[in-house]
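Architecture and fold: a report
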Amino acid sequence: LDYLRSPQKFTHILVLDADAALVHETHDTLRQIAADLEAAGKDLFVTNEDWIGDVSSKTRINGGFLFAKNTAFTRSFFEDLLDAHWYGPRNRQKPRIGGDVMLGCSSNEQLCISSIQRRPEFASRIIMQSGKIYNCGTNGITMNQLIHSDPKLEVMHFMGGA
């Protein structure tokens, strides 16, 4: 949130888990995502967990990679996210982005985002793309893609027991 409010006027921010990495040194992944946000008129880029392979993973947002354009919406969203964590299950704060109270936020941002992802005031502002490309968890298949420099793989996320 500090970067979004900074007098340096950052245009975008990246929230990236410490166990994730951009894996193509020749691709300007973040500039491309910024261009995609601009072209779509959206504020927040998120990824699903489709690399898992089950049906629900295609619609589940993974909180380990969030790329945000610096807008009033994203500043409000991150402030709402912080409030929801601060107050936890006791949260009664009316979200700045609109809608009802953000619940389900006592342990991590993924649960918090999941609790609002179908709300029109949130869903209308995001792009959700494939985790197979932009936030890929590790398993035998995906590690093989990394080792062989798959040109489609942009971000590897070494979560869990990887």
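The shown structure was predicted, so the numbers you read here are calculated from the model rather than taken from an experiment.

**Some details on the nonpolar core**
Core analysis: the largest hydrophobic core is formed by 20 residues, its most contacted members being L44, F77, F78, L81, M102, I113 and F122. Element by element, the count of residues in this core is highest for helix 3 (residues 72-87), at 5 residues. Those residues within four positions of M102 in sequence are excluded, and the remaining contacts are D80, L81, A84, N91, P95, C112, I116 and R119. If you look at the next biggest cluster of nonpolar residues, it comprises 10 residues, including F65, F67, Y134 and V155.

**A look at the pairing of strand 4 (residues 61-69)**
Most of strand 4 sits inside the fold, with 8 of its 9 residues counted as buried. Where strand 1 (residues 12-16) lies against strand 4, 5 bridges are found, and the strand directions are antiparallel. The partner of L16 across the bridge, within strand 4, is F65. Of the pairings in the sheet, the one linking strand 3 (residues 44-48) to strand 4 comprises 4 bridges and is antiparallel in character. By the bridge assignment, T47 is partnered in strand 4 with N62.

Basis of the calculations
- Residues numbered from 1 in each chain as written.
- Predicted model: local features only at pLDDT ≥ 70, side-chain atom pairs only at ≥ 80, totals over all residues.
- Heavy atoms only, no water.
- Core = buried A, V, L, I, M, F, W, Y, C linked by side-chain atoms within 4.5 Å.
- Buried < 20%, exposed > 50% of the residue type's maximum accessible area, 1.4 Å probe, protein only.
- Helix = DSSP H or I, 4+ residues; strand = E, 2+ residues; numbered from the N terminus.
- Contact = heavy atoms within 4.5 Å.
- Pairing = 2+ DSSP bridges.

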